[in-house]
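# Observations on the model geometry
Below, each chain spelled out in residue letters.
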Amino acid sequence: MAGAGHGLEFCLAQAADFEEVMSISTNIYGGLDYLPARYHAWLLEATRRVFLAKREGRVVALVSVSVVDDGRTAVLEGLRVAPAERGRGIAGLVQRHALGVMKSHYPSLKVRRSSRSGPLGPEVMAKYRIICHQGVLVLHFLAEELRPNLAVAIDQLKGVSGGWEDPVRLEIEEVKRVFLDPRVVEEVLPGRTITWDWSPYQPSQSNLEKLVTKGISWMADSKEDPNVLSLSAAPYEVPAGVGHLRLNIDIFGRDFPRVRGQFLAQLRGGLEPLQGPVHCLVYMDPSLWSEMHAFCTGCLGMRNEQLIDGQKLLEAEI
Ligand SMILES: CC(C)(COP(=O)(O)OP(=O)(O)OC[C@H]1O[C@@H](n2cnc3c(N)ncnc32)[C@H](O)[C@@H]1OP(=O)(O)O)[C@@H](O)C(=O)NCCC(=O)NCCS
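Residues numbered from 1 in each chain as written. Predicted model: local features only at pLDDT ≥ 70, side-chain atom pairs only at ≥ 80, totals over all residues. Heavy atoms only, no water.

Take the environment of leucine 274 next. Structurally, leucine 274 can be placed in the loop between α9 (256–271) and β15 (277–284). For leucine 274, a relative accessible area of 9% puts it in the buried group. In the structure, leucine 274 is positioned 127 residues away from arginine 147 in sequence and 9.6 Å away in space, judged by C-alpha atoms. With residues near it in sequence (within four places) discarded, leucine 274 still touches Ala143, Arg147, Pro235 and Leu245. (Helix = DSSP H or I, 4+ residues; strand = E, 2+ residues; numbered from the N terminus. Buried < 20%, exposed > 50% of the residue type's maximum accessible area, 1.4 Å probe, protein only. Contact = heavy atoms within 4.5 Å.)

Next up, the structure:
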């Protein structure tokens, strides 16, 4: 199908397009782009399509759409336009094409969801409702330097009244029970959504079936009456430099000492096998950002460079 007025052809991405997709992706998210690590796996997912816009055979734009929430929601991810082509509406064209194709294959689709960072202008607010907003802290460190600081910080917190309670790891069956509990959905999950490294899932049996296959470490402050929950998975390489790893920790809940405790526990588990530069993205309630920032830069000696300004999940009817 052609993109009117721009000489664009739309097609599905292939493994062989990888290098060209990377060539339009330079410096996205300050070198912390997840797409290089995800691209080939995305092509194999049964309920996901990756669309390209090309002109004269050259890649100009990419967007991926995955179908979640029992076929109700199309999640748009990975959106990018070649630097020289930005500012001409191509992002809108490729998204409209992709959603049109997906809707024809999945007539059950009702809404589209996508996450954005930065301030949202009135034109965005006129089209979308905000489902939730998480603060994002971007932390940089060397794994081998942080490991001893982590152990010291945890020991110090254990010595302070109310400073530390051991977070608990959830097994797969416990994950489903906890994340489908109506109180947890209502009171703990922001916008009744489980967000894992920017991908939003409504808490449903089918979504959790998918998520538990992804090698995620699931934690809670309690198995019986949880108020803070967190997710983290193995880190992946990013374009920031050779051997640079990105580690994501999504945390839900507002009790700062428990949020901090799960952050430390997830970090301790995630760092265990690592060496070298790590970029850790921590997602949490925006009200906790300043306290978390002070703790990470002050007590843990991490470097913060704020490459990403918040995570806002947007939704609109298709
Ligand atoms: C953000 C980016 C994709 C915008 O592309 P663009 O073609 O220059 O955007 P334009 O402003 O010309 O296009 C406007 C259309 O794109 C949409 N758009 C612009 N920025 C968007 C964004 N961040 N997310 C989703 N849609 C966006 C607008 O809603 C508009 O759609 P409409 O035509 O349906 O009204 C482009 O600047 C880019 O590749 N940036 C680097 C990667 C990146 O930051 N991606 C964003 C992921 S959230």
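That shown, we press on.
Right, let's talk about unusual backbone geometry for a bit. Despite not being glycine, aspartate 69 shows a phi value in the positive range, around 55°. Look at tryptophan 198: it is not a glycine, yet its phi comes out positive at around 80°. Structurally, tryptophan 198 is set in the loop between β9 (194–196) and β10 (199–201).

Okay, the site of the ligand next. Near the ligand, the surroundings consist of 17 residues, among which Val81, Gly87, Gly89, Arg96 and Lys127 are the closest. Within the backbone of alanine 91, one N or O atom sits 3.0 Å away from an oxygen atom of the ligand. One of the side-chain nitrogen or oxygen atoms of glutamine 95 is found 3.0 Å away from a nitrogen atom of the ligand. Using a 2 Å cut-off from the grid points, one finds that the ligand occupies the largest pocket. Sorting the residues of the shell around the ligand by element identifies β5 (73–81), α3 (90–105) and β6 (111–116) as the ones contributing at least two each. Per element, the largest residue contribution to the shell around the ligand is five residues, and it comes from α3. Residues that form the shell around the ligand fall into these classes: six nonpolar, five polar and six charged. (Near = heavy atom within 4 Å. Polar contact = N/O pair within 3.5 Å; in protein donor to acceptor, adjacent residues only side chain to side chain. 1 Å grid on protein atoms, 1.4 Å probe; cavity = no way out; pocket = protein on both sides within 12 Å on 5 of 7 lines; lining within 4 Å. Sits in = over half its atoms within 2 Å of the grid points. Nonpolar A, V, L, I, M, F, W, Y, C, P; charged D, E, K, R; others polar.)

Our next topic: the pattern of salt bridges. Within this structure, the stated rule accounts for 23 salt bridges. A salt bridge links arginine 88 to glutamate 85, with the nearest nitrogen and oxygen atoms 3.2 Å apart. On the basis of relative accessibility, which here comes to 45%, the residue arginine 88 falls in the partly exposed class. Of the residues examined, glutamate 85 reaches a relative accessible area of 12% and is grouped as buried. One salt bridge connects lysine 176 with glutamate 209, and the closest N-O pair in it is separated by 3.1 Å. With lysine 176 in helix α6 (residues 172–180) and glutamate 209 in helix α8 (residues 205–211), the pair connects residues that are 33 residues apart, well separated along the chain. Look at glutamate 209 and you get partly exposed, because its relative accessible area is 37%. (Salt bridge = Lys/Arg side-chain N within 4 Å of Asp/Glu carboxyl O.)

As far as function goes, none of this settles anything; it's purely spatial.
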